[in-house]
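Architecture and fold: a report
Residues per chain, in single letters:
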Amino acid sequence: MDLQLTGKRALISGGGKGIGLAVARALVAEGVAVALSARGEGVTEVAAALAAETGGRVIGVRADTHDDASVRAAVAEVVAQLGGVDILVNTAAAPWKPGQRTSTIEVTDEQMREHFEVKALGYLRMARAAAPHMIDAGWGRIINVSGLGARHAGSAVQTVRNVAVSAITKNLADDLGQHGINVTVVHPGMTRTDAVADLVAERARAEGLSDDEMGARMAHNSIHRLVDASEVADVIAFLASPRSIAITGDAIAAGGGDPGVVAY
């Protein structure tokens, strides 16, 4: 299927690693010019390496999603270099370690504020800066990467930050739909990135299991294996395309199936 993405321009927040980098690789393969944004200086090196690997147009820009001025400056730089922004994929978030849990009555204001500030408000800042360019063009896609923590209790921080992203997504979708802009949220489960692969290998060695056996145990999903970052990226690439016109404002689970849960 031709995703009709050739010539589009995408900005990926948190694009220097993990799911964000996997999305960048998938979009470049579809003919998209991609800008990676991240807080660290290393994002320009990552972008250069991906450009050399793929032969595509990839640039890196620094952006601190805590700071609205930094976000707006980054979007302006992307527009100056690429000529516009058609697709925004938000993946930047404060790190969340697998298995991390915090009792609701013990969670601190600082913990809650940090995750909400970087993820929910950070995504909103990126959307506010990029949307006017999409409105001018009469077309756009915004995909917010959240997480299946939105559908589970067990950590107030994780649930609140992910539910907030879903709420922001729906409001953006209703506001921007008339301008040809679709907005969706993707909920991965535990996903095989470089960091998770290292964790799986460490736990596998400790318990005398293979990486695949440990991955299946940690996945807690219907397919009994970890979903790879590239497989989440495939879902996002479709949502970023003109062919996804029928989907907006909704959440797409990409965790390999959530056993026992009926989502409707």
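Up top is the structure.
A brief report on the enclosed structure follows.

Criteria and cut-off values
Residues numbered from 1 in each chain as written. Predicted model: local features only at pLDDT ≥ 70, side-chain atom pairs only at ≥ 80, totals over all residues. Heavy atoms only, no water. Helix = DSSP H or I, 4+ residues; strand = E, 2+ residues; numbered from the N terminus. Rg over C-alpha atoms; globule rule 2.2 N^0.38 Å. Buried < 20%, exposed > 50% of the residue type's maximum accessible area, 1.4 Å probe, protein only. Contact = heavy atoms within 4.5 Å. Areas by Shrake-Rupley, 256 points an atom, 1.4 Å probe, with all protein chains shown as cover. Lys, Arg positive; Asp, Glu negative; His and termini not counted. Charge placed at Lys NZ, Arg CZ, Asp CG, Glu CD. Core = buried A, V, L, I, M, F, W, Y, C linked by side-chain atoms within 4.5 Å. Axes fitted to C-alpha atoms, helices over the stretch in contact; angles between N-to-C directions. Left-handed = near helix turned anticlockwise from the far one by under 90°. Nonpolar A, V, L, I, M, F, W, Y, C, P; charged D, E, K, R; others polar. Pairing = 2+ DSSP bridges. Right-handed = clockwise from strand over helix to strand, strands pointing away. Parallel < 35°, antiparallel > 145°, perpendicular 65-115°, else oblique.

1. Thoughts on the overall build of the protein chain
Scanning the protein chain from terminus to terminus reveals eight helices and nine strands. In terms of C-alpha radius of gyration, the protein chain reaches 18 Å, essentially the compact-globule figure of 18 Å for 264 residues. Taken along the three principal axes of its C-alpha coordinates, the protein chain extends 55 × 40 × 35 Å. Per-residue burial for the protein chain yields a buried fraction of 48% across its 264 residues. Of the contacts made within the protein chain by residues no fewer than 6 positions apart, 74% connect residues no fewer than 24 positions apart. Accessible area of the protein chain: about 12200 Å², with a carbon and sulfur share of 52%. Looking at charge distribution, the protein chain has the averaged site of its 24 positive side-chain charges lying 2 Å from that of its 30 negative ones.

2. Observations regarding the nonpolar core
Within the largest apolar cluster, 68 residues are counted, with the highest numbers of intra-cluster contacts made by L27, V34, L36 and I236. Ranked by size, the runner-up nonpolar core spans eight residues in total, among them V196, V200, A219 and L226.

3. Some thoughts on unusual backbone geometry
Most peptide bonds take the trans form, and the phi angle of most residues other than glycine is negative. For H220, which is not glycine, the phi dihedral falls at a positive 50°. Looking at the secondary structure, you find H220 in the loop between helix 7 (211-219) and strand 8 (227-228). Assessed through its relative accessible area of 63%, H220 is described here as exposed. In this structure, H224 is a non-glycine residue whose phi angle is positive, near 60°. Among the secondary structure elements, H224 is positioned in the loop between helix 7 and strand 8. The exposure class of H224 is exposed, given its relative accessible area of 59%.

4. Regarding the packing of helix 3 (residues 68-82) against helix 4 (residues 109-137)
Any two packed helices are characterised by the angle at which their axes cross and by the distance between the axes. Where helix 3 meets helix 4, the axes come as close as 9 Å, and the angle between the chain directions of the two elements is 35°. Note that helix 3 runs across helix 4; the crossing there is right-handed. On helix 4, the residues that touch D68, V71, R72, V75 and V79 of helix 3 are R125, M126, R128, A129, A130 and H133. A per-class count over the contact of helix 3 with helix 4 returns six nonpolar, one polar and four charged.

5. A word on the pairing of strand 3 (residues 58-62)
Regular strands show a simple pattern: their side chains alternate between the two faces of the sheet. Burial runs high along strand 3: four of the five residues are buried. Both strand 2 (residues 33-38) and strand 3 contribute to a ladder of five bridges, which runs parallel. From the neighbouring strand, A35 faces strand 3, where its bridge partner is I59. Each parallel crossover has a hand, and for strand 2 linked through helix 2 (residues 43-54) to strand 3 it is right-handed.

6. Let's talk about the packing of helix 6 (residues 194-207) against helix 7
It is the contact of helix 6 with helix 7, at a shortest axis distance of 8 Å, that shows an interaxial angle of 110°. Viewed along their axes, helix 6 and helix 7 adopt a mutual orientation that is roughly perpendicular. The residues of helix 7 that touch helix 6, namely those facing L199, V200, A201, R203, A204 and E207, are D211, M214, G215, R217 and M218. Split into classes, the residues belonging to the contact of helix 6 with helix 7 amount to six nonpolar, one polar and four charged.

7. Let's talk about the sheet that holds strand 4 (residues 87-90)
Backbone-to-backbone hydrogen bonds join strands into a sheet, with any given pair of strands oriented parallel or antiparallel. Ordered by their spatial adjacency, seven strands build an open sheet running 3-2-1-4-5-6-9, and the pairing between neighbours is parallel. Of all strands in the sheet, those with a lone pairing partner are strand 3 and strand 9 (251-254), marking the two edges. Each strand of the sheet is rotated relative to its neighbour by a mean of 20°, with strand direction disregarded. In the sheet, strand 1 (residues 9-13) pairs with strand 4 via four bridges, with the strands oriented parallel. By the bridge assignment for strand 4, A10 is matched with I87. Packed onto the sheet, helix 8 (residues 229-239) meets strand 4, strand 5 (140-145), strand 6 (181-188) and strand 9 and runs at close to 170° relative to strand 6.

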